[in-house]
Amino acid sequence: MAAYLCPPAVIHGKHAVRTSQIVDEVRGRHPNSPWAPRIDGIAASTGIETRGWMLPLEAAVAPGSGSGLPAAGIGPAREALSGDGFTEQDVDRVITALEAIPAPQTVQERTAPAWSEVQSYGEHAARGALQIAGLDAADVDTLITSHSTTPALPGLDVSLANRLPLRSDVLLLPATQWACIAGTRSLALAADLVAADPDRVVLVVIAEALSTTYQPADDTLESLIVRLLFADTAVAAVVTGRPRPESVLRLDAAWHHTLPGTQDLHRLETREDGTHFVMDRRGPRAVQETVTAMWEWLRLRYQDDPGSWHPDVLLAHPGGTRVLEYMEETMPDGWPSGLLRHSRDSYTSGNRGGAAVFDIMRRAYDAGQKPGSRAVLYAAAPGLTATALEGEWL
């Protein structure tokens, strides 16, 4: 399977949003929610103080351009009020009051600016990855893209094909619904492609504006947690079938796992006011099951050398601190401590979804990961599905 990965380019959201800002905004909007007295403790438990967004917090909480007047319009509203016994003067006052009430942003108002940023950030990351790899856009044979929170058709693949621009014969492979496994699964697909054609150059680009799931009117506890967790990031990397001077990681094997009957535990729902990320409390336990299955895959892969093999770095995006703790607790005996240090470091500035593994990988690279180090990459996503890769640092 051997595939060679160049260092990724990582572009963080340029707008720093502090947890204290989110807490203040949510507390002011939902002072009587059942979880309101616990909001400071909930925020502190995430371990995230600041995250980067492509758009500022003000853009997420701003009212829409419409008013509180029903969509039917002024005429039918007047007719309904008059028919209910209101005087003409009362009708005028009610209509004026309704027109003064700001309506929530529509899906278009919320998504369109984010989609514009996703394309811009994706292009920036793609150009950075090509520069890191010492290649030009004309060298790319395949483009794999993912962006799960800003639905568009055509998508990021076609946008980048025009922006970079790419050759007209480049194979475009968009994977919008990969979400949190976009990093690992795109690399697994790229590895399969270069195994079939070692001369192929694959560019992977993932751009996520997860801040679009920040829904001000939603007063559920799950929505509060979503507000506190997500960050916006664009990442990109080049994968080749032959080693290059710039290559830093060789990918040797991939593993995929899907848990049946878990498709409702994490999901995106498009509602009148935009995209909502819905989480079930059973989610972390299901993710833990995929971790256990991954340990078994590695055990079988190295069953002839169980006493001496272990990864030297674990680049894992399990979605939250609870699963990171579970991973540390369930690692095979004898594995060294600190394997998840770069994963934990990445998480302190937000959950990056599909871009997370590339960000974690970049942190390991910047920290000077030693050649010869064995690496395991892992991510789980709504579905519930997981992908892991195993390889060696070059």
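Residues numbered from 1 in each chain as written. Predicted model: local features only at pLDDT ≥ 70, side-chain atom pairs only at ≥ 80, totals over all residues. Heavy atoms only, no water.

### Looking at the packing of helix H8 (residues 182-196) against helix H13 (residues 356-366)
The geometry of H8 relative to H13 is characterised by a closest axis approach of 6 Å and an angle of 85° between their N-to-C directions. As the angle between them shows, H8 and H13 are arranged roughly perpendicular. Contact residues: Gly 183, Thr 184, Ser 186 and Leu 187 in H8; Val 357, Phe 358 and Met 361 in H13. When its residues are assigned to classes, the contact of H8 with H13 shows 4 nonpolar, 3 polar and no charged. (Axes fitted to C-alpha atoms, helices over the stretch in contact; angles between N-to-C directions. Helix = DSSP H or I, 4+ residues; strand = E, 2+ residues; numbered from the N terminus. Parallel < 35°, antiparallel > 145°, perpendicular 65-115°, else oblique. Contact = heavy atoms within 4.5 Å. Nonpolar A, V, L, I, M, F, W, Y, C, P; charged D, E, K, R; others polar.)

### Regarding the packing of aromatic side chains
Here the distance between the centres and the angle between the planes together describe a pair of aromatic rings. According to the stated counting rule, one finds 6 aromatic pairs in the structure shown. Note on Tyr 302 and Trp 309: the rings are 4.1 Å apart at their centroids and 10° apart in plane angle, and the pair reads as stacked. Each member of the pair, Tyr 302 as well as Trp 309, is classed as buried. Centroid distance Trp 309 to Trp 335: 6.0 Å. Interplanar angle 75°. Geometry classified as edge-to-face. Of the two residues, Trp 309 is situated in the loop between helix H10 (283-301) and strand S12 (313-317) and Trp 335 in the loop between helix H11 (321-330) and helix H12 (341-347); the sequence distance between them amounts to 26 residues. Neither residue differs from the other here; Trp 309 and Trp 335 are each classed as buried. (Phe/Tyr/Trp six-rings, centres within 6.5 Å; stacked < 30°, edge-to-face > 60°. Buried < 20%, exposed > 50% of the residue type's maximum accessible area, 1.4 Å probe, protein only.)

### Observations concerning the packing of helix H1 (residues 19-29) against helix H9 (residues 221-229)
The N-to-C vectors of H1 and H9 enclose an angle of 150°; their axes lie 9 Å apart at closest approach. With respect to H9, the element H1 is oriented roughly antiparallel. As for the relative orientation of H1 and H9, their crossing is right-handed in sense. Counting all contacts with H1, which are made through Thr 19, Ile 22, Val 23 and Val 26, the residues of H9 involved are Leu 224, Arg 227 and Leu 228. (Left-handed = near helix turned anticlockwise from the far one by under 90°.)

### What to know about the environment of Leu 268
Within the secondary structure layout, Leu 268 lies in strand S10 (residues 266-271). Here the alpha-carbon distance between Leu 268 and Met 279, two residues 11 residues apart in the chain, equals 9.1 Å. With residues up to four places along the chain from it excluded, the contact list for Leu 268 reads Ser 148, Thr 149, Thr 213, Thr 275, His 276 and Phe 277.

### Things to note about the pairing of strand S14 (residues 385-393)
Extensive coverage of S14 is indicated by the burial of 8 of its 9 residues. As paired elements, strand S9 (residues 249-258) and S14 share 9 bridges and run antiparallel to each other. Paired with Ala 254 across the bridge in S14 is Leu 389. Of the pairings in the sheet, the one linking strand S13 (residues 374-381) to S14 comprises 8 bridges and is antiparallel in character. In the sheet register, Tyr 378 faces S14, and the bridge partner there is Ala 388. (Pairing = 2+ DSSP bridges.)

### Side note on the environment of Glu 325
Looking at where Glu 325 falls in the secondary structure, it is placed in helix H11. For Glu 325, a relative accessible area of 38% corresponds to the partly exposed category. In this structure the C-alpha to C-alpha distance between Glu 325 and Arg 344, which are 19 residues apart in sequence, comes to 9.9 Å.

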